Amino acid sequence: MKKLLSICLFLLLSMMSWADSSGICGKNMLWTYDESSKTLTISGAGDMSDFGSFYPWSPFDAKIKKIVIDEGVVSIGPYAFCSFDSLSSVTIPSSIKRIGEGAFYSCNYLTSVNISNIAAWCNIDFKDFASNPLYLAFHIYLNGEEIRELVIPDGVTKIGDSAFAFCDGLTSVSIPNSVKSIGIASFADCYSLTSVSIPNSVTNIGQFAFQFCDSLECVKVYGDIPPSAYDDSFSNYEINLCVPEKSIERYKTTYPWNKFTNIVGLESTDIESVKMLPYTVSISDGTITVIGAQNGVVVEAYNAFGFKLGTATCVMGCATINTNMLSNDFVIVKVGSKTIKIKY
């Protein structure tokens, strides 16, 4: 009898322990805390409930080192992970649409944000700075690899407010011709950002969009008509602003673009004639071919908006890069230190 009671007590305690480390956090939503890996996992389909200042996993907030939000979760509640003192990593799925205010406030040891879809990240509705984990992590990873040269995918129409704010890892940003607006503080405080390419589709640049990007050296804007912007969309106007040659005067007389001290034409960049080079560069059926360059020379291809199309290394004087370029598109090819522009 004693043995039976001991077994029942053990099972009861085990069930209580399991119950304490998992539960419901919304309609069709579950949370689980794994003590061995110090990981909190949120799973299911739908919105996380707003529990106010005390979430069901709050007893573990000092232990949790990793948060994994599974695909299917649509929102994160306000202050859901506030003041998690040991948190270092968070994974955000492409299904997330909204993150409540202060969700990651005071997570001072957060170092990485992991995502699987840049387009989905651009569309998240962050309620404030502290709802974006980049606010303290400073580094964002796409499928395990840190994003440094950010290429926004074609098809994205807007870059949301604070989407990449405080992302110290970014060095360059290329925006596709589908984007119409760049949100408030979308790239604010990206201290390592050196260059930005803005296509002619962009009509509005929000306040603080590129504020305190202290390493920014060049802004390329491809629109003939200057996009609407604010006095504080940029904080440093003593850098190069490259615009279409025919639109230089228009930018010089349009506020706040006329605050830039050095406005030059995009066509005046250092692009050499193909005929003057000791090798040939051609493009056919979307394939770029370089013949006659030295072995080991790195060849890089970009489209007219600065998006990298591919990289290859010359072997036996030849290199090829397969692209999806369309007829009448321009392509910029960098062979070693030499840069040329050719039309497909």
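Procedures and definitions
Residues numbered from 1 in each chain as written. Predicted model: local features only at pLDDT ≥ 70, side-chain atom pairs only at ≥ 80, totals over all residues. Heavy atoms only, no water. Pairing = 2+ DSSP bridges. Helix = DSSP H or I, 4+ residues; strand = E, 2+ residues; numbered from the N terminus. Core = buried A, V, L, I, M, F, W, Y, C linked by side-chain atoms within 4.5 Å. Buried < 20%, exposed > 50% of the residue type's maximum accessible area, 1.4 Å probe, protein only. Salt bridge = Lys/Arg side-chain N within 4 Å of Asp/Glu carboxyl O. Contact = heavy atoms within 4.5 Å. Polar contact = N/O pair within 3.5 Å; in protein donor to acceptor, adjacent residues only side chain to side chain.

With reference to specific residues and values, describe the sheet that holds strand β5 (residues 66–69).
Strand order in the open sheet made by the eight strands is β1-β2-β3-β5-β7-β9-β11-β12, with mixed pairing throughout. Whereas interior strands pair on both sides, the edge strands pair on one side only; in this sheet they are β1 (22–26) and β12 (145–146). Sheet analysis places strand β3 (residues 39–44) next to β5, joined by four bridges and oriented parallel. Within β5, the residue paired with L40 across the bridge is I67.

Tell me about the nonpolar core, and please be specific about residues and values.
Ranked by size, the top nonpolar core spans 75 residues in total, and within it W57, F81, I92, W121, F164 and F210 carry the most contacts. Within the second largest apolar cluster, 18 residues are counted, among which are Y279, A293, V331 and I342.

Report on the pattern of salt bridges, specifying residues and quantitative values.
Tallied over the entire structure, the rule returns seven salt bridges. E146 is the partner of R148 in a salt bridge, and the nearest nitrogen-oxygen pair spans 3.9 Å. Residue classification places R148 among the partly exposed positions, given a relative accessible area of 40%. Across the pair D224 and K246 runs a salt bridge, and its minimum N-O distance is 3.4 Å. Highlighted residues: D224 in the loop between β19 (218–221) and β20 (240–243) and K246 in the loop between β20 and α4 (248–252), separated in sequence by 22 residues. Judged by its relative accessible area of 33%, D224 falls in the partly exposed class. Taking relative accessible area as the criterion, K246 reaches 69% and is therefore assigned exposed. Salt bridges linked by common partners bring E35, K38 and K63 together as one network.

Requested: an account of the environment of S89, with residues and values cited.
Within the secondary structure, S89 sits in strand β7 (residues 89–91). Excluding residues within four positions of it along the chain, S89 makes contact with K65, K66, I67, L110, S112 and N114. There is a polar contact of 3.1 Å between the side chain of S89 and the side chain of N114.

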